[in-house]
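Breakdown of the fold
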Amino acid sequence: MMNLSNVEFMLLQLIAELDQASGYDINKLIDQRGYRQWANIGTTSVYAGLKKLNEKKLVESEPVGEKSGKGPIPTRFAITESGKAALRNEILTSLSTSREREQRFDLGLAALPFIEENEAVEALRKRLDVLDEAAQTITRTFESQGGARLPIHARSLFRHPLNLIESERAFVLELIHELSEERK
């Protein structure tokens, strides 16, 4: 299994969506969708990520046109079969195991069109298990530390993640329901 950075994960999604894309095309789409705000992705990261994906043979590059001005020769990128497999794996992993409010999960949501609804539902059910396990661990630790007898600042450090997990569970259950309805 190949480890991909968030930038590489996002780039594979966008290249798969566009079939072929240049760094310029990708940066334009990133701006249009607001990825820079929630995924912390800079322009330089895009080009470094494309280079890494090319080195990993997850995309293939092809120069298009001739050099004009000061910039490099324009290059278009297309996803390879191994890139499609890596993308699919990253989507399923990110949907099933990422903790609450994590960029990786958001990237998995953005890539839902690249997997089947039943695969998404299965991955999201695994996510519910991960969230339940995390909540149980936090609750056990809270109780072992004194529970309700703890000062408010200490209690809040346990209550905050538990509330986030509860909200995340509600979101995931609603998403599973919507995906299941679309299959009918």
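Scope of this entry: the structure provided in the associated data block. (Residues numbered from 1 in each chain as written. Predicted model: local features only at pLDDT ≥ 70, side-chain atom pairs only at ≥ 80, totals over all residues. Heavy atoms only, no water.)

To continue, consider the overall build of the chain. Helix and strand counts for the chain stand at eight helices and three strands. Listing each helix as α and each strand as β along the chain from the N terminus yields α-β-α-α-α-β-β-α-α-α-α. The C-alpha radius of gyration of the chain comes to 20 Å, more than 25% above the 16 Å expected for a compact globule of 184 residues. Taking the principal axes of the C-alpha coordinates as reference, the chain spans close to 70 × 40 × 30 Å. Per-residue burial over the chain gives 42% buried out of 184 residues. Across the chain, every contact between residues at least 6 apart in sequence was considered, and the portion connecting residues at least 24 apart equals 63%. Working note: accessible area of the chain is about 10900 Å², and carbon and sulfur atoms make up 51% of it. (Helix = DSSP H or I, 4+ residues; strand = E, 2+ residues; numbered from the N terminus. Rg over C-alpha atoms; globule rule 2.2 N^0.38 Å. Buried < 20%, exposed > 50% of the residue type's maximum accessible area, 1.4 Å probe, protein only. Contact = heavy atoms within 4.5 Å. Areas by Shrake-Rupley, 256 points an atom, 1.4 Å probe, with all protein chains shown as cover.)

The next thing to look at is a negative patch on the surface. Where like charges cluster on the molecular surface, the negative patch consists of Glu116, Glu117, Glu174, Glu178 and Glu182. Of the residues forming the negative patch, the biggest block, three residues, is contributed by helix 8 (residues 152-183). Position of Glu117 among the secondary structure elements: in helix 7 (residues 117-144). A relative accessible area of 30% places Glu117 in the partly exposed class. (Patch = residues over 30% accessible without salt bridge, like charges linked within 9 Å, V, L, I, M, F, W, Y side chains within 5 Å. Salt bridge = Lys/Arg side-chain N within 4 Å of Asp/Glu carboxyl O. Lys, Arg positive; Asp, Glu negative; His and termini not counted. Charge placed at Lys NZ, Arg CZ, Asp CG, Glu CD.)

A separate point is the environment of Leu58. Examined against the element boundaries, Leu58 turns out to sit in the loop between helix 4 (43-55) and strand 2 (59-63). Between the alpha carbons of Leu58 and Ala48 there is a distance of 14 Å; along the sequence they are ten residues apart.

Counting 50 residues, the largest nonpolar core has Met10, Leu11, Leu12, Ile26, Ile30, Leu95 and Leu124 as its most contacted members. Of all elements in the fold, only helix 1 (6-18), helix 2 (23-33), helix 4, strand 3 (75-79), helix 5 (81-97), helix 6 (103-110), helix 7 and helix 8 reach the threshold of two or more residues within this core. Considering every element that reaches this core, the biggest residue donor is helix 7, with ten residues. Residues in contact with Met10, not counting those within four places in the same chain, are Ile30, Tyr35, Ile41 and Leu107. (Core = buried A, V, L, I, M, F, W, Y, C linked by side-chain atoms within 4.5 Å.)

On to the sheet that holds strand 2, then. Note on sheets: strands pair through backbone hydrogen bonds, and any given pair is parallel or antiparallel. Here we have three strands laid out as an open sheet, ordered 1-3-2, and antiparallel in their pairing. Looking at strand neighbours, the two that pair on one side only are strand 1 (20-22) and strand 2, the edges of this open sheet. Adjacent strand axes in the sheet meet at a mean angle of 30° when their direction is disregarded. Inspection of the sheet shows strand 1 paired to strand 3 by three bridges, in the antiparallel sense. Residue pairing in the sheet places Ser22 in a bridge with Arg76 of strand 3. (Pairing = 2+ DSSP bridges. Axes fitted to C-alpha atoms, helices over the stretch in contact; angles between N-to-C directions.)

Structurally, the position occupied by Glu102 is in the loop between helix 5 and helix 6. The exposure class of Glu102 is partly exposed, given its relative accessible area of 31%.

In contact at an axis separation of 10 Å, helix 1 and helix 5 are set at 120° when each is read in the N-to-C sense. When the interaxial angle is binned, helix 1 and helix 5 end up oblique. The way helix 1 lies across helix 5 gives a crossing that is left-handed. Taken together, the residues of helix 5 that come into contact with helix 1 (itself represented by Phe9, Leu12, Gln13 and Ala16) are Gly83, Ala86, Leu87, Glu90, Ile91 and Ser94. Among the residues making up the contact of helix 1 with helix 5, the classes are represented as six nonpolar, three polar and one charged. (Parallel < 35°, antiparallel > 145°, perpendicular 65-115°, else oblique. Left-handed = near helix turned anticlockwise from the far one by under 90°. Nonpolar A, V, L, I, M, F, W, Y, C, P; charged D, E, K, R; others polar.)

Next up on the list: helix 5. Compared with an ideal rise of 1.5 Å per residue, which puts 17 residues at 24 Å, helix 5 spans 24 Å between its outermost C-alpha atoms and is within 8% of the ideal. Buried within helix 5 are the following residues: Gly83, Ala86, Leu87, Glu90, Ile91, Leu92, Ser94, Leu95 and Ser96. In this fold, the buried residues of helix 5 make contact with helix 1, strand 3, helix 6 and helix 7. (Expected span 1.5 Å × (residues − 1).)

Shape descriptors only; they carry no functional weight alone.
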